[in-house]
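Letter by letter, the chains look like this.
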Amino acid sequence: MEVTEKMREFMNDLIGERMEQVYQENDGKQYDPFNEKLELKLQKVLRKMPKKQEKVLFDYLTDTSNKCSDLNEFYYRMGLKDGLKLKEAMQAMLDALTE
């Protein structure tokens, strides 16, 4: 049996909902996309600081960003794992229906 567009849409919605659930369960916050305007303001502030202070702040922000990247990777892997389980379950269900 061929996977229809409605089935793909259902799977995408379900995976998205599950990823949001994992976010909520782990830190109670939703994903906050990159804010370009805020980044430009930060760069402006950094340019005005003395080099030593700029380095301290830059290092802190880099460390924080790296930790966030690790967390995002964890969420991605959890979503991917759930998606693969869902795909297997749906394939088994489709196979059972076509027998």
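Bear in mind that the values here come from a model prediction, so they are computed numbers and not experimental data. (Residues numbered from 1 in each chain as written. Predicted model: local features only at pLDDT ≥ 70, side-chain atom pairs only at ≥ 80, totals over all residues. Heavy atoms only, no water.)

Asks: I'd like a description of the overall build of the protein chain, backed by residues and values.
Replies: Broken down by element type, the protein chain carries three helices and zero strands. In the protein chain, the succession of helices and strands from N to C terminus is α-α-α. Every one of the 99 residues in the protein chain was classed for burial, and the buried ones make up 12%. Considering only intrachain contacts with a sequence separation of at least 6, the fraction spanning at least 24 residues in the protein chain is 71%. Accessible surface for the protein chain amounts to roughly 8700 Å². Of this, 57% is attributable to carbon and sulfur atoms. (Helix = DSSP H or I, 4+ residues; strand = E, 2+ residues; numbered from the N terminus. Buried < 20%, exposed > 50% of the residue type's maximum accessible area, 1.4 Å probe, protein only. Contact = heavy atoms within 4.5 Å. Areas by Shrake-Rupley, 256 points an atom, 1.4 Å probe, with all protein chains shown as cover.)

Asks: How would you explain the environment of Asn-72 if you had to name every residue and give the values?
Replies: When you line up the elements, Asn-72 lands in helix H3 (residues 51–98). Accessibility expressed as a relative area gives 31% for Asn-72, which makes it partly exposed. The spacing of Asn-72 and Tyr-23 is 49 residues in sequence and 9.4 Å in space, taken between C-alpha atoms.

Asks: Go over the pattern of salt bridges with me, naming the residues and quoting the values.
Replies: Oppositely charged side chains may form a pair once their charged atoms are brought near each other. Taken as a whole and assessed by the stated rule, the structure comprises four salt bridges. For Asp-63, the salt bridge is made with Lys-67, and the minimal N-O distance between the two is 3.2 Å. Placement of both Asp-63 and Lys-67 in helix H3 is noted, with a separation of four residues, approximately one turn of the helix. (Salt bridge = Lys/Arg side-chain N within 4 Å of Asp/Glu carboxyl O.)

Asks: Would you mind going over a nonpolar patch on the surface in detail, with residue names and values included?
Replies: A grouping of Tyr-76, Leu-80 and Leu-84 is seen on the molecular surface, where their side chains present a nonpolar patch of about 320 Å² in accessible area. Tracing the backbone shows Leu-84 in helix H3. (Patch = residues over 30% accessible without salt bridge, like charges linked within 9 Å, V, L, I, M, F, W, Y side chains within 5 Å.)

Asks: Any details on a negative patch on the surface? Residues and values, ideally.
Replies: A cluster of acidic residues, Glu-5, Glu-9, Asp-13 and Glu-17, forms a negative patch on the protein surface. For Glu-9, the location among the structural elements is in helix H1 (residues 5–27). (Lys, Arg positive; Asp, Glu negative; His and termini not counted. Charge placed at Lys NZ, Arg CZ, Asp CG, Glu CD.)

Asks: How would you explain the environment of Gly-16 if you had to name every residue and give the values?
Replies: Mapped onto the fold, Gly-16 is located in helix H1. Sequence separation between Gly-16 and Gly-79 is 63 residues, and the spatial gap between their C-alpha atoms is 8.0 Å.

Asks: I'd like a rundown of helix H2 (residues 36–48), residues and numbers included.
Replies: Between its first and last C-alpha atoms H2 spans 19 Å; for 13 residues at 1.5 Å apiece the expected length is 18 Å, and the two agree. Counting buried positions along H2 gives one out of 13 residues, so the element sits mostly on the surface. (Expected span 1.5 Å × (residues − 1).)

Asks: Kindly report on H3, identifying the contributing residues and their values.
Replies: Between the first and last C-alpha of H3 there are 68 Å, a value that for 48 residues agrees with the 70 Å anticipated at 1.5 Å per step. Along H3, the positions that sit buried rather than exposed are Tyr-75, Gly-79, Asp-82, Gly-83, Leu-86, Met-90 and Leu-94.

Asks: Lay out the packing of aromatic side chains in plain terms, naming residues and giving numbers.
Replies: Considering all chains together, one arrives at one aromatic pair under this definition. Each ring, one from Phe-74 and one from Tyr-75, has its centre 5.7 Å from the other, and the planes form 55°; the classification is tilted. (Phe/Tyr/Trp six-rings, centres within 6.5 Å; stacked < 30°, edge-to-face > 60°.)

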